[in-house]
Amino acid sequence: MRVGVLTGGGDCPGLNAVIRGIVRRGVQEYDWQFVGIVDGWRGALEDVTVPLDVPSVRGILTHGGTILGASRTNPLRTEDGIARIKRTLDVRGIDALVVVGGEDTLGVAQRLADEGVRLVGVPKTIDNDVGGTDYTFGFDTAVSIATEAIDRLHTTAASHRRALVVEVMGRHSGWIAVHAGVAGGASAILIPERAFDVEQVCGWVLSRFQLRRAPVIVVAEGAVPEAGQLVVRDESRDEYGHVRLSGIGDWLADEIERRTGKQARTTVLGHVQRGGTPTANDRWLATRFGLQAVAAVWDGDFGTMTAVRGTDIVRVPLREALATAKRVPLELYEEFDVFFGT
Ligand code: F6P
């Protein structure tokens, strides 16, 4: 058996742990061969591959990024994209594929599965918004990084009696904002799932100052003000049609200054949340996903995705996982109202 592996979309801590798990189990248990497809779907389209064997995955468990490279190339936007990918698989003698990606990369995988390509998906994204699984790896690392940043910002906010706004990633879902905001003791948490009232946020800022404490406000990049427009850096879109986010933090800090008369500053955490070494939890989850992906290929259980449910690693139909993205339930979000402005 010859198995291709690719990592697509934005990078994410834990990708190398998945690749290592796949190759170690596939080679050591089944004597399979592996082919690394470079830069996600770009390598599949352009037939750019690298050999993937046990020596090449030694020492990568703790490394951030992906040794295979990643891209946001969308083959469905390229003429004959699917046919070109199938040709690469034929030329390279690849019998099955393991596709590690978020909803966009896995969406392409579903199209290929519909066309008869034998593949298994592995969900990854720091945003934690892929359906069908309780968690994606990368999320825990991003939350740890964001929480540490919030901890640090509390002391500088207090010293200057300023409001500090922390903008975290989260295009459609506020998982990072909620987890890091709660763990970091934020005075307000703003998420894409619930439009916010800027007047109410300013009220929380003032009430926090009245307690002789400085507010730290966590805002997900995809959060929107009520009856407002999404605040974006520019209007350019990637190949999956997503605008480039970031800007809401600066906008909010300006509004806070204007409406409350208090000084406000913004910290945009951006790609810091995706970089560097994965946490132990992410290494654990990513390794188990890699091992499970090999088991799925062995069983011929194609068109599935690895997932974690509770503490079990399971497989779910890829189509089912992609049907609904995982959003922060409002009942969960509302549990933390008690901390806002206090
Ligand atoms: O999809 C994960 C993510 O980290 C989002 O939270 C963020 O909006 C996006 O990637 C950024 O993408 P890029 O690295 O392509 O700018």
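Quick notes on the rules
Residues numbered from 1 in each chain as written. Predicted model: local features only at pLDDT ≥ 70, side-chain atom pairs only at ≥ 80, totals over all residues. Heavy atoms only, no water. Helix = DSSP H or I, 4+ residues; strand = E, 2+ residues; numbered from the N terminus. Rg over C-alpha atoms; globule rule 2.2 N^0.38 Å. Buried < 20%, exposed > 50% of the residue type's maximum accessible area, 1.4 Å probe, protein only. Contact = heavy atoms within 4.5 Å. Areas by Shrake-Rupley, 256 points an atom, 1.4 Å probe, with all protein chains shown as cover. Axes fitted to C-alpha atoms, helices over the stretch in contact; angles between N-to-C directions. Parallel < 35°, antiparallel > 145°, perpendicular 65-115°, else oblique. Left-handed = near helix turned anticlockwise from the far one by under 90°. Nonpolar A, V, L, I, M, F, W, Y, C, P; charged D, E, K, R; others polar. Domains from an automatic or database assignment. Buried area = accessible area lost by both parts, 1.4 Å probe. Salt bridge = Lys/Arg side-chain N within 4 Å of Asp/Glu carboxyl O. Polar contact = N/O pair within 3.5 Å; in protein donor to acceptor, adjacent residues only side chain to side chain. Pairing = 2+ DSSP bridges. Near = heavy atom within 4 Å.

### Comments concerning the overall build of the chain
Then step 1. When helices and strands are tallied, the chain shows 12 helices and 11 strands.
Then step 2. Taken over the C-alpha trace, the chain has a radius of gyration of 21 Å; the compact-globule value for 342 residues is 20 Å, and the two agree within 12%.
Then step 3. Overall size of the chain, expressed as C-alpha extent along the three principal axes, is 65 × 40 × 30 Å.
Then step 4. Within the chain, the fraction of its 342 residues that count as buried is 55%.
Then step 5. Counted over contacts in the chain with a minimum sequence separation of 6, partners at least 24 positions apart contribute 74%.
Then step 6. Of the accessible surface of the chain, which amounts to about 14300 Å², a share of 47% is contributed by carbon and sulfur atoms.

### What to know about the packing of helix 6 (residues 139–160) against helix 7 (residues 175–183)
Then step 1. At a minimum axis separation of 8 Å, helix 6 and helix 7 run at an interaxial angle of 45 degrees. One way to sum up the angle between helix 6 and helix 7 is to call them oblique. The chirality of how helix 6 crosses helix 7 is right-handed. Between helix 6 and helix 7, the contacting residues are Phe139, Ala142, Val143, Ala146, Thr147 and Ile150 on the first element and Trp175, Ile176, His179, Ala180, Gly181 and Ala183 on the second.
Then step 2. Among the residues forming the contact of helix 6 with helix 7, the class breakdown is 9 nonpolar, 3 polar and no charged.

### So, the domain arrangement of the chain
Then step 1. Along its sequence, the chain is organised into domain 1 (2–138 + 278–322) and domain 2 (140–275).
Then step 2. With 24 residues of domain 1 at the contact, the number on the domain 2 side is 19 residues.
Then step 3. Note on domain 1 versus domain 2: buried area summed over both sides is about 1800 Å², and carbon and sulfur give 47% of it.
Then step 4. Considering only the surface of domain 1 that becomes buried against domain 2, Arg72, Ile126 and Asp127 emerge as the three largest contributors, covering 31% of it.
Then step 5. Between the two partners, domain 1 and domain 2, sit 1 salt bridge.
Then step 6. The interface formed by domain 1 and domain 2 contains 13 residue pairs in polar contact (both at pLDDT 80 or more).
Then step 7. Elements supplying a minimum of two residues to the side of domain 1 that touches domain 2: helix 5 (103–114) and helix 10 (280–299).
Then step 8. Take the side of domain 1 that touches domain 2: its biggest share by element is 4 residues, from helix 5.
Then step 9. Residue classes in the side of domain 1 that touches domain 2 are distributed as 8 nonpolar, 8 polar and 8 charged.

### Describing the pairing of strand 6 (residues 163–168)
Then step 1. Judged by how many residues are buried, strand 6 sits mostly within the fold: 6 of 6 residues are covered.
Then step 2. Along strand 6, one buried face is formed by Ala163, Val165 and Glu167 and the opposite face, lined by Leu164, Val166 and Val168, is buried too.
Then step 3. Alignment of strand 6 against strand 8 (residues 216–220), held across 5 bridges, turns out to be parallel. Bridge pairing links Val165 to Ile217 in strand 8.

### Here we look at the sheet that holds strand 3 (residues 49–52)
Then step 1. Pairing within the open sheet is mixed, and its 7 strands lie in the order 3-2-1-4-5-10-11. Strands with a single pairing partner mark the edges of an open sheet, and in this sheet they are strand 3 and strand 11 (312–317). With direction set aside, neighbouring strand axes in the sheet form an average angle of 30 degrees.
Then step 2. Where strand 5 (residues 119–123) and strand 10 (residues 304–309) come together, 2 bridges link them in parallel fashion. The partner of Val120 across the bridge, within strand 10, is Thr304.

### Structural notes on the site of the ligand
Then step 1. Surrounding the ligand, one finds Arg72, Ile126, Asp127, Met169, Gly170, Arg171, Glu221, His271 and Arg274.
Then step 2. The side chain of Glu221 places a nitrogen or oxygen atom 2.6 Å from an oxygen atom of the ligand.
Then step 3. Relative to its free-state accessible area of 400 Å², the ligand is covered by the protein chains to the extent of 79%.
Then step 4. Among the residues forming the shell around the ligand, the class breakdown is 2 nonpolar, 2 polar and 5 charged.
Then step 5. Composition of the shell around the ligand by domain shows at least three residues from each of domain 1 (2–138 + 278–322) and domain 2 (140–275).

### With respect to helix 7
Then step 1. Three or more residues of helix 7 are buried, namely Trp175, Ile176, Ala177, Val178, Ala180 and Gly181.
Then step 2. Where helix 7 ends, the next residue or the one after it, Gly185, has phi of about 65 degrees, a positive value.

### Thoughts on the pattern of salt bridges
Then step 1. Considering all chains together, one arrives at 14 salt bridges under this definition.
Then step 2. In this structure, Glu199 and Arg259 form a salt bridge, with 2.8 Å as the shortest nitrogen-oxygen distance. Note that Glu199 is positioned in helix 8 (residues 198–210) and Arg259 in helix 9 (residues 248–260), a separation of 60 residues in sequence.

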